[in-house]
Structures are given as structure tokens and as C-alpha cells.
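# Inside the fold
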Amino acid sequence: MRSSSPLPRMSRRGRVTIGVLIGVFVLFTLLGWGVQAWTDWLWFSEVDYTEVFRGVLVTRLLLFLGAGLAMAAIVGGNLWLAQRLRPRMRPHSPEQATLERYRMLLGPRLGLWITAVAAVVGLFAGLSAQSRWNQWLLFLHGGDFGVDDPEFGVDVGFYVFQLPFWRFLLGLGFTAVVLALLGALAVHYLFGGVRLQGVGDRMSNAARAHLSTLVAVFVLLKAVAYVLDRRAMLLEYNDGVNVYGAGYADINALLPAKEILAYISVVVAIAIIIFSNAWMRNLVWPGISLALLGVSAVAIGGIYPWAVQTFEVKPSARDKEAPYIQRSIDATRASFGLDITQSSAYSASNLNPPESLATDTSVVPNVRLLDPQLVSETYTQLQQVRGFYDFGPKLDIDRYTLNGATQDYVVGVREINYGELTDQQSNWINRHTVYTHGYGVVAAPANRVVCGGQPFFVSGSLGERSQESCAAPTDLIPASQPRIYYGERMAAGDYAIVGKPSEDANPAEFDRPAGEGGDDGAGPESYYTYTGSGGVEIGSFTRRLLYSIKEQEANFLLSEAVNDNSKLLYVRNPRDRVEKVAPFLTLDGDPYPALVDGRVQWIVDGYTTAATYPYAERVNLQQETTDELTGRGTIQLARENVNYIRNSVKATVDAYDGTVVLYEFDENDPVLKAWNKAFGGDLITPRAEIPPTLAAHFRYPADLFKVQRNLLTRFHVTNPGDFYSGQDFWQVPNVPDAPDSGQKQPPYYLYTQFPGQDAPRFQLTSAVTPNGRQNLAALISGSYQDGRPTLQVLELPDQTAISGPVQVHQRMTNTNATIRQQLNLLSSNQAQVQYGNLLSLPFGNGMLYVEPVYVKSNQQDAYPLLQKVLMSYGDGGSYVVLADNVADGIKQLVEQGKQAAAGNPPPAGGEEPPPEGEEPSPSPSATPSPGDAPPLTGELGAAAERVRAAIIEVRAAQASGDFERYGRALAALDEALTAFQQAQQASGGNGTPSPPAPSGSPSPTG
């Protein structure tokens, strides 16, 4: 009888077509991989980090081959063994008759089918394993931490370097055994070794021995898993007390349970083999053994620990869990570097502004007024020069020493923004060969404004200098090489092709507008040719073809702009560049530029991290570092869960030639040592070789500080009983001027001196409040002292009257009627008020608060100008002033302090007290409305008319878009209001209305 095939036979043309399609797919896939690998090798050769490329590539290939071949051998070998153990004779049954068709199809090419299945399984296993290259390298090269875990006495290095890869291997083993078991079962069933119908045994002896052995191996792997789980318990979350690490029930119930289960698993594995093959030769007792293992796992590993937790721990959790809470506190403080924290009490008991404010030389002169986020627009408008230049959405803070004096500066880099090129400028030639670089670092002192609220630029100005003292006449922070070929505004596709065909050829790269400081003075613009060492040479036809394929751009081959001397500059973002060179580092989201020995260097903070430090708190980096500035010039970190972090590397990227250097910053970090060893031992430049001129610009990294600050809100409590109660926990306040946004207040850099410090420091600072309340709990600052990181916490008393940032902002802007009037005058339908960083400064055993007030017109291309400074001392509401500058504000605060000392404290609502000998005027809320007020005459009428005229001038200045005129108008309005108040007081102030507003404008009353 002729048997029919279960599948139709494919025609020869169909087989050829499929073969061609598969061949083309493989060819293009291999071509893409080849081009990517070749261009990567050229790029790593340019930056001189080929050991990273080679090390990662070789490791991934070896893991792919090793895991893939091992998995393929296990699965394929068991499939082959199953078909070799098939019974020679099979009983006749409808089941076997049905299977015969498939046996006839697979039988002639069974070896090919087994090879194909094994290859597919091996491919996926290899792809999974190659992604664990970082775990494998740490497994090979990791050492000891010199710290033992508190339960087993095992060095922490085992958990960080060894345990992750052991767990991966165990998972790979489980996968291999399960796939082999399922595959072998399918083959045995296909060839009659396992039957569901017919007379006799349902399983042949050979099939039973094969399958039972695989089950026994699975159970043995489970025993190994129980052993590793005992160590991994120190990494689990203890939800009973909201900390990580094994608790009382885990140590006293679950830990011994897992040990017992490991022994039971070994016994069950042996029983399965014996009962299945050597003794009874059936599956009843092996099944019973597996059932007992399952019951034991539930009873010993689940019910017993639950009973201990419920009936023994919960009734007295504070005492039972205290030792384990202490373990978590100690481990967290060690793993996140919180053990360097210096805590001190700060009573902040002085609520009256001291006279020493007026003579201070360490805090008040260094008060930062420029907000890096707000003044970015100002830098762009005043220093942009061309529309395609850009400073980014947020500037950076750094410090420089000029004439022996150190202070902080707001620094911006004038970069090319390819998104701002016009349609004509955006063609391929212009985009990649003409507009190749930015020019200059623009800096301004953070505590000084000029010309109606503008920054005072001391470097980087192009063209003619202002004659109105709006900028320094010469660069006070000069750059010998100001050109910016590598910067934060560079995206992945923003490559540049540089180099001219001969020495006699004209430069093709736009450099900067010519003029004062221009090149040779010829023409309105100057051009330049790149002479740096950076870039990949693409002069040969092979290189041009290679990058034409990589970038999918034919102009690499066709354009005359690409010549024999051309170089290709790509991966131009400093953070991306460091990430490619050091893929094992987690990078800070806020790189910043520094002028070091005349060259612009991007400084990128690199972190080594781990997620398996026993008993340490585990945090999500993205969640912990997100605040108001995230996405506004600060890059959001990946969702990486870590419980160990060190700022172990300070990386630099030269803005001109792209040179990347990885400097060792934490020479005691075992993780960095392991990575350095994994890549030959010379990857990281030793700390001793850091140039002092570069080290002078290192700053405490923002993302690390956010993580540490957030952890300190809980882990500043070191007593386990107090930690359990949670009464002393803190929280990070929301943004003061937008508390309902839910965004956290970012920390801010200051050059100032805190109590306990012997001199001003450049430090990153943040205020925290008690959990669920708004008063101030502590100030946390991070800085470098003698090149070493230090954290300082100034803790205020629990029942302090000092307000937190949100309360201070509300009190300064809402409770004082006079200030409300002035703020209302600053804002209108044609302008808006923007608030800068609210600075909390401890001074004179009290708190000084400073908040810059910017005004931005609604006109097109308008930019914020600093017009006023809100200042407060004490609890944030009693002594409040809105001054033109810090000096005037300090004078007013000191005068209020003197009045209070003389027995005339400020009235409720924060109004300034009248001069001695005069009666206080009623608050504006008590004055009659303009419609009910009598006409103003005499000096009071003249003062009111002056206010009206000043308001009209403010409106006109706003409409004109002339910000210098607007600044003068605001100053005149302030003087007019002061004169009106003096005239009001001189007239007795009884029933006198507020100054009238011009028609069509709102009344200046609050």
C-alpha cells in the first residue's frame, strides 16, 4: 500500500526561491555586522581604547559559543539518545498507526532535524549568555571587598562578583534540563518508547531510565538552588520592616528550612534513580518522592516561616527585628558612601537678623543670584551671535580663581545646534562640512548682575565689547583653543567631516563672525580648518565606501568635500563618548565644561555600581535622580536597580580633539579594580596622575548626591528602634514656587561656608523637611575636602520654628502686602515673574533665605532679567525684604533686626516698621478702595502721580522690548513707591488710599 506524506512536497523553484531569500538575508545581516564591527574598531583606535573593543567582543563571542555549544550539546545529545533508545518492536494500536506517518517523514533525516533543533536552542542560549559579558568579566577578575557579611562571614566580593554569574549558570542549567526532558519525552513518544494506548507497560525500560535521570538531574539542580538561595536571602526585601536583608523569620526559620530542603532534594534525586531503574522499575515511588519534595517545600519553606513571622515576630517586631535593622543600616551606609557623613546639631534659634550680616565676608558676598536654568535664555540671546548657536536649556556652575579670589561662575558653551539651521543651511554639505563646531566658553560671576539684570560676562564674548560695562573688556578666563567640536548638543547623527585637500586650499568650516578678535579681519565671517588629532581618516576609497554603508549616505563617495585628507568626527556627545569607551560605568546625567590650561574639557562623573551588596537598601537610579531639572539639560538615568555605588571615575573629553581620559578617583573601589584588571590593567589612569589644574574643577556629582540625600532622609537614623518607628524620617521638599507639581527641589551648587567649615567651599546643597511636614529639618551638603568627598548634615531641633523651602517661598511672596504689590507690578499681561533657586544659608545661628526674582517679557526672543532679590531671615516670614540687590536687602534686614531689638518688631504680615518716632500706617488691606478714597492733594497727590507715571513707563518699557529701559523703569517705580509711602506716613496715614493705578491696569494693592 502506498503511504501518503503528511506534508505536500515543495517544488524545486520554491526551494530555490527560499534558499535565495535566506542567502540574501544572511548576506546583508553579516554585512551590517561586519561594517559595524569594522567602524567600531576604527573609532576605538582613534580614541586609543582598542582593549575595550577587543575585550568585550572576544568575551561576548566566547560566551556565545560556550553557552550555545553547551546547550546544543545537552539538548541535541538527549534527542539523539532518545531516538537511539527507541524500542525495536511496537505494539499495534491506532496511536502508533497515526505516529507512523510522522516517523516516515522524520526518520530519513532525523539527524538533520535534531541538529536543526539543537542549533536553534544553542543560538538563543548563546545570545542570552553573550549579554552577560559584564558578569563573566567580574566573575573572573573580581577580588575581595575586605568586608564580611554579618550572617555567614563571607566576603562581600562573593555576592558582588560571584553570585550573579552562578545564578545565571544555574538558570541556564535548569533551561537545558527542561528542554532536554521535553525533547526526549517527545522523541520517546514518537518512536514508541512512551505510549498512551496499547497493552503492556506505558514506558519502555530505556525511556524510563533516560527520563528519570533527567528528572533526577533537575532535582539535584534544585538542591544547588537551595544552597545559593541561602546566600541570596541576604539580598531580599524584608517587607515586615521595609528594609532589605534577611529578618528574624528568615534567619531562624527560612534559612534552616532551605538547608533541609537541599538535603531532601539530594535524597529525592537518588530515590528517583533507584526506584525507577534499580529496584521497582516503575514511576509510582519516584512520583511519591517528588510529591514529598513539593509538600516539604510548602510546609518547611512556606508555612513554618509564615508561622514564625505571624506568631513570634509581629507581636514584638521592634525587638525581634532590631539586630537585622541594624545590619541594613550599617550595610546601606557603607555601600552608598554614607559612612563619611558628618552630622552636627544646628539650633537655628536666632530669629532676628544679626548686625554681622552687614560685615560678613564668607557667606553674603558669595550669594549666588544667577540661576543656571533661567539665565540660559539670557546667554543665548546676548551671546548667541548666530541663530544656530545654542547654550542648551541649562547652564553649569563651576568655580575659578581670579586675582587670588575664588568664586562660582555660571558657565555655558556656545555650541552648534543643528536643529536651528535654516533650510538652506541644512543641506548635507553645510551640515557636515561647514557648520562643524561651536566657539567659546561664556562665563559670568554667579553673584553679580549689570545693565538692568544681565549677567556680567567675563569670557567668551564675540564681536565688539559693550561700552556700558555689561561685559569685561577682555577675557578674564581665556581659552587658548575655544573651538567646540564635541559637546552636549551633538546628537548621534551629527557627524562632521573636516580637513582640506591641500595646504593652499581655502578653509571650509565656518568658525565665527569676524570683527574684534576675528581672524585676519577679511570678510564678515572667518573660516577654519581642523588641525586636531581627533577623527577617523576617511581619505581612501575603502574608508569612504565603509562609512557610506554605515551612514547610508552616497555623498561619502560622490561629494568633492570628502578628500584625501578628510577625517570623520562622530560620537561627539561627551557622555556618549565616555559611555562607549567605558560601557561598564553608569554616567552622571549632567556633564559640565571646564577651562583647564586653556582648553575646554568636559568632565563626566562615572559610577561603578552593583545590585548584590548584602543587607543594603536597593534603589532605582532613575527614580531617585529625577527632579525638576531632569530633561532640561540633565539626562535621565536608566532604570537601574543598585545597592552599591561609588564615584570611582572622573572622565574627561577634550572639546577640540575628543580625547577621552578615565581618571581613577576612588582608589579603594574593588569594582573599579576588577574592571581595570579585566581590560589589561592600564585602562584607568591612576589618581596620582590627575593634573592639579583639572582636580581644581572637580565637583560633587549631582546624581550621586541625590541618591545619598534621599537615603539620608531615612538612614540618618542609626538606632534600630527609632528607625522602626520612623518618626524621625525626613523628606525632600517639592519645588518651592510650584509645590503642586510633585517635582522635587533640585540640589544647588554654592560657594559658601557652613557652620563647622573653616573656609568657603564649593558644595552641593539641599534642604530636607520632616516627613509629612513643611518646616526645615536639616541641610545636607556634599563637597570635596583635600580632594576627598565629604557629606555634612546640619540637623535642626525636632520642633524648630524655621520654615522649609515651600513655606519660606509662600511667606515671602504672599504674607507681606508691600512685597505682594511690588511683585504684582513686576508681572502683567506683557511680562511674567520667574523665581530662581531658593537658597537656604545657615548664618549667625539662624537661617538666611535668598530667592532671585527674574522678569521675562512676553515679547518674542525675550529673556529673563534679574530685577529683585527676595530675602528673609529667621522663620521665613517675620523679616522679609524685596530689594534691588543683596547689599540693599542685607541693609534692610539688619535695620529690621535693630528695630526689633529696640522693641519695635515688624508688624504681623511682615510689613516693614516705620522709622522711629512715627506711627505705623495701616496695612493696605485696611485702606479704602480707590473708588471710596478722597482725592489726593499736596505732597501725597504729587507722590501718587509719580507712581502713576512710573507704572505707565513700566508698561511702555515692557511693550517696547527694551530691557535696559524696563530695568530703569522698575527702579523708578520702586523709588516712587518709597516716596509715596513716606508721604503717606508724613500725612498721618489715616484713611489714606494706596497709590492709584493707571486706567486699564490692575491696582498695585495685594
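Residues numbered from 1 in each chain as written. Predicted model: local features only at pLDDT ≥ 70, side-chain atom pairs only at ≥ 80, totals over all residues. Heavy atoms only, no water.

## Describing the sheet that holds strand S6 (residues 405-413)
Sheets are built from strands that pair by backbone hydrogen bonding, the pairs being arranged parallel or antiparallel. The strand order across the open sheet built from three strands is S5-S6-S9, with neighbouring strands paired in antiparallel fashion. Unpaired on one side and paired on the other, strand S5 (396-402) and strand S9 (441-445) mark the two borders of the sheet. Put simply, the sheet's adjacent strands are angled 40° from each other on average, direction ignored. As defined by bridge partners, S5 adjoins S6 across seven bridges and the pair is classed as antiparallel. (Pairing = 2+ DSSP bridges. Helix = DSSP H or I, 4+ residues; strand = E, 2+ residues; numbered from the N terminus. Axes fitted to C-alpha atoms, helices over the stretch in contact; angles between N-to-C directions.)

## Topic: the packing of helix H2 (residues 50-84) against helix H4 (residues 110-130)
Close contact between H2 and H4 brings their axes to 7 Å; oriented N to C, the two are set at 150°. Judged by the sense of rotation from one axis to the other, the crossing of H2 with H4 is right-handed. For the pair H2 and H4, the contacting residues are Arg60, Leu63, Phe64, Ala67, Gly68, Met71, Ala72, Val75, Gly76, Leu79, Trp80 and Gln83 in the first and Leu110, Ile114, Val117, Ala118, Val121, Gly122, Leu123, Ala125, Gly126, Leu127, Ala129 and Gln130 in the second. Within the contact of H2 with H4, the residues separate by chemical class into 17 nonpolar, six polar and one charged. (Left-handed = near helix turned anticlockwise from the far one by under 90°. Contact = heavy atoms within 4.5 Å. Nonpolar A, V, L, I, M, F, W, Y, C, P; charged D, E, K, R; others polar.)

## What to know about the sheet that holds strand S13 (residues 496-498)
Across the sheet, three strands lie side by side as S13-S17-S16; this open sheet has antiparallel pairing. Two strands in the sheet have a free side with no partner beyond their single neighbour: S13 and strand S16 (536-537). Pairing between S16 and strand S17 (residues 567-569): two bridges, direction antiparallel. Within S17, the position partnered with Val536 by the bridge is Leu568.

## Examining empty space enclosed by the protein
Evaluated as defined, the whole model comprises two cavities of 30 Å³ or more. Of the pockets and cavities examined, the largest cavity occupies roughly 60 Å³. What lines the largest cavity is Gln822, Leu825, Leu826, Lys868, Leu970, Leu973, Asp974 and Leu977. Here the lining of the largest cavity takes four residues from helix H26 (residues 963-986), the largest share from any one element. Of the residues that constitute the lining of the largest cavity, the class distribution is five nonpolar, one polar and two charged. (1 Å grid on protein atoms, 1.4 Å probe; cavity = no way out; pocket = protein on both sides within 12 Å on 5 of 7 lines; lining within 4 Å. Points joined across faces, edges and corners; volume = space filled by probe spheres on them.)

## Re the side chain of Arg230
Within the secondary structure, Arg230 is located in helix H7 (residues 205-232). In contact with Arg230, other than residues within four places in its own chain, are Phe152, Leu255, Lys258 and Glu259.

## Examining the environment of Glu509
Relative to the assigned elements, Glu509 resides in strand S14 (residues 509-513). The exposure class assigned to Glu509 is buried, which follows from its relative accessible area of 2%. C-alpha separation for the pair Glu509 and Ser526, spaced 17 residues apart in sequence, amounts to 8.6 Å. With residues up to four places along the chain from it excluded, the contact list for Glu509 reads Thr433, Val434, Thr436, His437, Tyr485, Val498, Gly499, Ser526, Tyr527, Tyr528, Thr529 and Tyr530. A distance of 2.5 Å separates polar atoms of two side chains, one belonging to Glu509 and the other to Tyr485. (Buried < 20%, exposed > 50% of the residue type's maximum accessible area, 1.4 Å probe, protein only. Polar contact = N/O pair within 3.5 Å; in protein donor to acceptor, adjacent residues only side chain to side chain.)

## A few points about the pairing of strand S29 (residues 788-795)
Across five bridges, the pairing between strand S3 (residues 341-345) and S29 is parallel. In the strand pairing of S29, Gln342 is matched with Gln792. Bridge count for strand S28 (residues 778-785) against S29 is eight bridges, and the pairing is antiparallel. Paired with Gln785 across the bridge in S29 is Arg788. Between S28 and S29, which pair antiparallel and follow one another directly, the connecting turn spans two residues, one of which, Asp786, has a positive phi of 55°.

## What to know about helix H14 (residues 541-551)
Turning to H14, its buried residues are Arg544, Leu546, Tyr547 and Ser548. Remark: Gln552 follows H14 within two positions and exhibits a positive phi of approximately 55°.

## So, the packing of aromatic side chains
Going through the model one piece at a time under the given rule, you end up with 41 aromatic pairs. Positioned over the ring face of Tyr226 is Lys222, at 5.1 Å from the centre of the ring. (Phe/Tyr/Trp six-rings, centres within 6.5 Å; stacked < 30°, edge-to-face > 60°. Lys NZ or Arg CZ within 6 Å of the ring centre and 35° of its normal.)

## Some thoughts on the state of the cysteines
Overall, the coordinates contain one disulfide when judged by the stated rule. Paired by a disulfide, Cys451 and Cys470 hold their sulfur atoms 1.8 Å apart. As the torsion about the S-S bond is roughly -105°, the Cys451-Cys470 disulfide counts as left-handed. Separated by 19 residues along the polypeptide, Cys451 in the loop between strand S10 (449-450) and strand S11 (454-455) and Cys470 in the loop between S11 and strand S12 (483-484) bring together distant segments of the chain. According to the relative accessible area criterion, Cys470 is buried, its value standing at 8%. (Disulfide = S-S within 2.5 Å.)

## Focus: the packing of helix H6 (residues 156-190) against H7
Axis separation between H6 and H7 bottoms out at 10 Å; the angle between their running directions is 160°. As judged from the angle between their axes, H6 and H7 are roughly antiparallel. For the pair H6 and H7, the crossing hand works out as left-handed. Tallied by class, the residues present in the contact of H6 with H7 amount to 23 nonpolar, three polar and three charged. (Parallel < 35°, antiparallel > 145°, perpendicular 65-115°, else oblique.)

## Looking at the nonpolar core
In terms of nonpolar packing, the biggest core is built from 206 residues, with Tyr49, Tyr379, Tyr547, Leu662, Phe679 and Met871 touching the most fellow members. Broken down by element, this core gets its largest block of residues, 17 residues, from H6. With residues up to four places along the chain from it excluded, the contact list for Leu662 reads Tyr49, Val578, Val581, Ala582, Val649, Lys650, Ala651, Leu683, Ile684 and Thr685. With 39 residues, the next largest nonpolar core counts Tyr346, Phe754, Leu796 and Leu977 among its residues. (Core = buried A, V, L, I, M, F, W, Y, C linked by side-chain atoms within 4.5 Å.)

In short, the description is geometric, and any link to function would need to be established separately.
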